[in-house]
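# Per-entry structural report
Chain by chain, the residues run as shown.
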Amino acid sequence: MGKLISVVAFWGGTNALVKVCCRPEGWLLYKEALRYNLAQYKGGTFVALSSSRNWYAPTMRKSPRFAVCLLPLLLTGVLAGKAWADDFSEVAQLSREGKFVEALAKADVYLSSRPKDAQMRLLKGLVQRDAGKPTDAINTFARMNEDFPELPEPYNNLGVIYADQNQLDKARTAFEMALRTNPSYSTAHENLADVYGRLSSAAYNKALQIDLSTAAVAPKLALVRQIITLNPTKLSAAQLAALPKVQPATQVAIAATKASPETAPKAAPLPEPAVRPTREPATAARKPADDNSPTTAKSATTKAAPTPPTDTTANREVEQAVQRWVTAWGDKDLKAYFAAYGQDFDPAGKQSRNAWEEERRARIEGKANISIQLTDLQTLVRGNTALVKFRQNYRANGIAISSRKTLEMVRQGDNWKIVREAVGE
Amino acid sequence: MSDFLHSRASQPLISPKRWHSGRRAIAYLGLALTVVAFTLAHAGTAMAANTTAGLSRADGYSEQRLLEVFALMARGQSREALAKAEKLVQDYPHFQLAQLVYGDLLAARTRPLQTLGDMAPDTARAGAATLADLREETKQRIGNVKERPPEGFIPSQFLKMAPQTRSAIAIDASRSRLYLFENTTNGLQLKADYYVSVGKAGVSKSLEGDQRTPLGVYFISSRLDRKTLTDFYGVGALTLNYPNMLDVRRGKSGSGIWLHGTPPNQFARAPHSTDGCLVLSNPDIRTLIETTTVRNTPVVVASQLVWKSPKQLEDPAKSFAATLESWRTAKSSGDLKKTLAFYTPDFSSYGKSLDQFTPMLKAEMKATKGRNVELKDVSYFQWSDSAETMVVSFGEVSAGKRTGMHKRQYWVRSSNEWKIFFEGVH
């Protein structure tokens, strides 16, 4: 133990792939139909939680008209997105400036019209904690757990606050709950590991009846500042599942390692996978093949999978582009790193491109060293679009995280650019 | 949660599967593995025993739960072991050994274990003595599971138990173990056994303050209620008649050797940690207090018990029965000289020499007026160290009388003849 685990911070939000169960025989899938704070899964069914129009969905659950009803919501959601992102960053900014009263007031105003907004409630809990009101923060996160039992983030943050208070058994339970909702949630894993370490030390101290203060060396646990999307990828499950069969996988290992000791580590170094791997809700498991997106993936699915592309030159180009991206990242060459992303790159969440770049810059520059290795690389090229799947083994500042990642790339001139980056299958 | 377990196999930080790997982990597991086979069998009998003896309570249960944790660890079921250990420390937060194992199991969630009490070096240094004690305690508790007394065997000291004496206690200091027997129509039956702590300096007490636990045949001389005691003694105490008449004859000093419990902030003590007392955890001493009787219940304290089948003990028992019978016959006959021949020259009875005792013996014999002396409720326990001795208890009743005196005699064997070196009413 003793690792310092830090904060994953994506201000703004991520777009959700929304699966709406309209009829028993199938799923309709809306890309960017809803912001996550408008909707989420409940009991395997997608429900809208709130909207700017008092549009409240549980009554409409499983209604055949549900899909239709979503359309106006979709528009308002997209339009309102920008304004809301501002609300989030304002609250966060106020909190950073120590203006907790104002931050909380603003959050409350926001929540008065959208009481089920998970993202703002998470943020409110964080502000309460920063304001030195752990009891309020516990209350906020605990009530989130009641309202959004499938979200790991509130459990994680609840665990962190319990750990702050040295209520380690409660912290452990909370982290375990976070992992129960998402077994591959690495932040909660690391936090739980630290809590195990601290509980273990406490047990040893009791066993030996000694009083070695563990508080001094207690590692800081990672708070999560963002509800991550359910499934941020545009790729359909069918498409991805087809990948290994369709194409003899081009197995390439791409590595980038860079040690740059000159950078002073930030107070809380940030672990990398800001987006947690996709959760597999029970409903998704039931009908994974219909998990589709209405844009690029739609046609691919309807056409059925077996049209194996054999453009090995394109494959090579795509892989070279991925290689450049990884190298730039490992070298902390931000110019090249950002250049790997296309103009129409869609950052996860409600973030603007600028906000995203700012955050990436802070995160990457904040690391003393970054090492990234990609394994199990699989590339599927279809015309001017490409899917790249791989396992990303990331190490930075003593933190090691392995996760699956998928990049969606498009050809722009002679180059392939990333237009979508997603963690998970 | 099994998903969680599986998913973590790929997580570098937490790898429960590493339980199975690593050469040094074997040392830990080796300890626990041996428990597996025995624990389950033992758990069954212990439970059954507790029920039949009416001891269906928590005595000895805490240890059994600890052993179950070890068994689960040995099977690689560290998650289940952790859950059980957690429950155990919740129920007995001052059970230090349970805390140690709990600490290990928590640590095992994040790294492979290498030893019992696999803590950071500075922690281990800060509590080095306690850690060594806890490891010794583990060895003793597990040793008891590995080597059980042979089924139906009893300690060789228990030659004859009066049916009226309902219980008996024997302590094997080398094993830190106390055995509780019930005296049934089928003889002594082992009902339970408990971890027990003895003197810091070990056993064979001879001097006051030597921090040793005496060895010999003792009896519970009184029962002390917790209300009259400080917290230090836990839920209560049973006092022993140390020094007994053999100890007095040997000039041993000291007093206040008790069986007692532990203070609220301590569940069990280290194997060698007392000033000579025999210390058990509170649930265990509570059972002893409830199942033993003052004056009657023998407490044999041996450095190492020798277990014999009841059949093996028949011959020495018969042999001594004949000796005791010849003494009874002599006394019944009214022949003082013949009777006095059974007493050693250095006989002593509560400070009286044989010369001072003789008139009393004479008076007793005169009172019987030649009637037969009958011995009721006879018990005798042999104790052999540098000398062969026998501790005898009985009720002495003249024929035709309904009441008599409870007497205790200490016999010693010299040149193949048993002689009485103490006799007194008790």
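Per chain, the residues get numbers from 1 upward, laid out in the order the sequence is written. As a convention, the first chain written is A and the first ligand written is 1, with the rest following in written order. A pLDDT threshold of at least 70 governs which residues receive local features in this predicted model, and a stricter bar of 80 or more applies before side-chain atom pairs are shown or counted, although totals over entire chains, interfaces and linings include all residues. Working from all heavy atoms in the structure, the side-chain values ignore hydrogens and water.

Before going further, it helps to spend a moment on the overall build of chain A. The helix count covers DSSP runs of H or I at least four residues long, the strand count covers runs of E at least two residues long, and both are numbered beginning at the N terminus. Within chain A, the regular secondary structure consists of 13 helices and nine strands. In this analysis, two residues are considered to be in contact whenever any of their non-hydrogen atoms come within 4.5 Å of each other. Long-range contacts, defined here as pairs at least 24 residues apart, represent 67% of the contacts in chain A between residues at least 6 apart. Just so you have it, chain A exposes about 17000 Å², and 54% of that area is on carbon and sulfur atoms. To be clear on the numbers: accessible area is Shrake-Rupley with a 1.4 Å probe, and residue cover counts the displayed protein chains and nothing else.

Residue and element names in this part refer to chain B. In spatial order, the strands read S2-S16-S17-S18-S19; together these five strands make up an open sheet with antiparallel pairing. Two strands bound the open sheet, and with one partner strand each, they are strand S2 (158-160) and strand S19 (417-425). Strand-to-strand twist of the sheet, defined as the mean angle between neighbouring strand axes without regard to direction, takes the value 20°. Here an axis means a line fitted to C-alpha atoms, over the contact stretch when the element is a helix, while the angle between two N-to-C directions is reported on a 0 to 180 degree scale. Contacting S2, strand S16 (373-384), strand S17 (388-398), strand S18 (405-414) and S19, helix H10 (residues 314-333) crosses the sheet at an angle of about 135° to S16. Only strands that DSSP links by at least two bridges are regarded as paired with each other.

For the rest of this paragraph, the subject is the pattern of salt bridges. Residue and element names in this part refer to chain B. Whenever a carboxyl oxygen of Asp or Glu lies within 4 Å of a side-chain nitrogen of Lys or Arg, that contact is scored as a salt bridge. For the coordinates displayed, the defined rule picks out 39 salt bridges over all chains. We note a salt bridge from Asp118 to Arg111, for which the minimum N-O separation is 3.2 Å. Looking at Asp118, the relative accessible area reads 11%, which means it is buried. For the exposure calls, accessible area comes from a 1.4 Å probe over protein chains only, and a residue counts as buried if that area is under 20% of its type's maximum, exposed if over 50%, partly exposed in between. Take Arg111: its relative accessible area is 29%, and that puts it in the partly exposed class. For the salt bridge of Glu396 with Lys407, the shortest nitrogen-to-oxygen distance reads 3.0 Å. Of the two residues, Glu396 sits in strand S17 while Lys407 sits in strand S18, which places them 11 residues apart along the sequence. Each of the salt bridges in this network shares a partner with another, and the network as a whole consists of Glu63, Glu137, Arg141, Arg148, Arg177 and Asp193.

All names here are of chain A. The topology assignment puts Val318 in helix H11 (residues 312-331). The class of Val318 is buried, set by a relative accessible area of 0%. It is 8.6 Å that separates the C-alpha atoms of Val318 and Lys417, two residues lying 99 residues apart in sequence. Residues within four places of Val318 in sequence aside, it is in contact with Thr379, Val381, Ala386, Val388, Met409 and Trp416.

For the rest of this paragraph, the subject is the packing of aromatic side chains. Residues and elements named next belong to chain B. Centres within 6.5 Å are what make two rings of Phe, Tyr or Trp a pair, Trp counting through its six-membered ring; a difference in plane orientation under 30 degrees is then read as stacked, over 60 as edge-to-face, and the rest as tilted. If you walk through the whole model with that rule in mind, you get 31 aromatic pairs over all chains. Ring plane angle 80° and centroid distance 4.9 Å describe the contact between Tyr179 and Trp307, whose orientation is recorded as edge-to-face. Of this pair, Tyr179 sits in strand S4 (residues 177-184) while Trp307 sits in strand S13 (residues 307-308); the two residues are 128 residues apart in sequence, bridging distant segments of the chain. Grouping residues by exposure puts Tyr179 and Trp307 together as buried. Aromatic pair Phe320 and Tyr380: ring centres 5.0 Å apart, planes at 55°, arrangement tilted. Placement of the pair is Phe320 in helix H10 and Tyr380 in strand S16, with a sequence separation of 60 residues. Considered together, Phe320 and Tyr380 belong to a single accessibility category, that of buried residues. Geometrically, a lysine NZ or arginine CZ counts as sitting over a ring once it is within 6 Å of the ring centre and also within 35 degrees of the ring normal. Taking the ring centre of Phe421 as reference, the NZ or CZ of Arg249 above it sits at 4.5 Å.

This part takes up the sheet that holds strand S8 (residues 236-240) of chain B. Residue and element names in this part refer to chain B. If you walk across this open sheet you meet the eight strands as S5-S4-S3-S12-S7-S8-S9-S11, and the pairing is mixed. Both outer strands of the open sheet, strand S5 (187-195) and strand S11 (278-279), are each paired with one neighbouring strand and no more. In the packing of helix H9 (residues 282-291) onto the sheet, contacts are made with strand S3 (167-172), S4, S5, strand S7 (216-225), S8 and strand S9 (258-260), and the angle to S8 comes to roughly 60°.

With an omega dihedral of -10°, the bond running from Tyr242 of chain B to Pro243 of chain B counts as a cis peptide bond. You can see Pro243 of chain B is positioned in the loop between S8 and helix H8 (245-249). Here Asp376 of chain A, not a glycine, exhibits a phi torsion of approximately 55°, which is positive. Looking at where Asp376 of chain A falls in the secondary structure, it is placed in strand S6 (residues 369-382). Classification of Asp376 of chain A by relative accessible area gives partly exposed; the value is 36%. Although it is not a glycine, Tyr350 of chain B adopts a positive phi angle of roughly 50°. You can see Tyr350 of chain B is positioned in the loop between strand S14 (348-349) and strand S15 (352-353).

It is worth spelling out the pairing of strand S12 (residues 298-302) of chain B at this point. Taken residue by residue, a regular strand's side chains alternate between the two faces of the sheet. Residues and elements named next belong to chain B. With respect to burial, S12 is a largely interior element, five of its five residues being buried. Burial of the side chains of S12 extends over both faces: Pro298, Val300 and Ala302 are buried on one face and Val299 and Val301 on the other. Two strands pair when backbone bridges link them, and S3 and S12 are joined in this way by four bridges, in the parallel orientation. If you follow Ile169 over to S12, its bridge partner there is Val299.

Turning next to the nonpolar core. One recurring pattern in soluble globular proteins: nonpolar side chains tend to sit buried together. Definition of nonpolar core: a set of buried residues of the types Ala, Val, Leu, Ile, Met, Phe, Trp, Tyr and Cys, connected through side-chain atoms within 4.5 Å. Ranked by internal contacts, the top residues of the largest apolar core, which has 70 residues, are Leu259, Leu288 and Trp411 of chain B. Residue contributions to this core peak at five residues, all from H10 of chain B. The contacts of Leu259 of chain B, once residues within four sequence positions are left out, are Ile171, Leu178, Gly236, Ala237, Leu238, Leu240, Leu278, Leu280, Ile285, Leu288 and Val299 of chain B. Judged by nonpolar contacts, the second largest core, of 68 residues, contains Leu151, Leu158, Leu168 and Ala203 of chain A.

The interhelical angle for the contact between helix H7 (residues 186-208) of chain A and helix H5 (residues 96-107) of chain B, taken along N-to-C directions, is 160°, at an axis separation of 7 Å. Between H7 of chain A and H5 of chain B, the angle is such that the two are roughly antiparallel. Crossing angle aside, the handedness with which H7 of chain A passes H5 of chain B is left-handed. Where H7 of chain A approaches H5 of chain B, its residues Tyr196, Leu199, Ser200, Ala203, Tyr204, Lys206, Ala207 and Leu208 of chain A are matched on the opposing element by Gln96, Gln99, Leu100, Tyr102, Gly103, Asp104, Leu106 and Ala107 of chain B. Each residue receives one of three labels: charged for Asp, Glu, Lys and Arg, nonpolar for Ala, Val, Leu, Ile, Met, Phe, Trp, Tyr, Cys and Pro, and polar for the others, Gly being one of them. Classifying every residue of the contact of H7 of chain A with H5 of chain B gives 10 nonpolar, four polar and two charged. Just so you know how the angles are binned, under 35 degrees is roughly parallel, over 145 roughly antiparallel, 65 to 115 roughly perpendicular, and the rest oblique. A crossing counts as left-handed when the near helix is turned anticlockwise from the far one by less than a right angle, and as right-handed when that turn is clockwise.

Among the secondary structure elements, Glu63 of chain B is positioned in helix H3 (residues 61-74). Apart from the residues within four sequence positions on either side, Glu63 of chain B is in contact with Arg141, Asn144, Arg177 and Tyr195 of chain B.

Residues and elements named next belong to chain A. Here chain A averages 65 in pLDDT, and 55% of its residues register 70 or above. By definition, pLDDT measures how confident the predictor is in each residue, and it falls between 0 and 100. Counted against residues more than four places away or in other chains, residues 1-80, with its pLDDT under 50, gives 227 contacts. For the stretch residues 229-309, pLDDT sits under 50, and the model shows 196 contacts to residues farther than four places along the chain or on other chains.

Time to look at the packing of helix H6 (residues 168-181) of chain A against H7 of chain A. All names here are of chain A. Following both chains from N to C, one finds H6 and H7 inclined at 155°, their axes separated by 9 Å at the closest point. Considering their axes alone, H6 and H7 lie roughly antiparallel with respect to each other. Here the hand of the crossing between H6 and H7 comes out left-handed. Facing H6, whose interface residues are Leu168, Asp169, Ala171, Arg172, Phe175, Glu176, Ala178 and Leu179, H7 presents Ala188, His189, Asn191, Leu192, Val195, Tyr196, Arg198 and Leu199. Looking at side-chain class alone, the contact of H6 with H7 contains 10 nonpolar, two polar and four charged residues.

A few words on the pairing of S7 of chain B. Residues and elements named next belong to chain B. Of the pairings in the sheet, the one linking S7 to S12 comprises four bridges and is antiparallel in character. Residue pairing for S12: Gly216 is matched across the bridge by Val301. Judged from the five bridges that link them, S7 and S8 form a sheet pairing that is antiparallel. Within the sheet, the bridge partner assigned to Ile220 lies in S8 and is Leu240.

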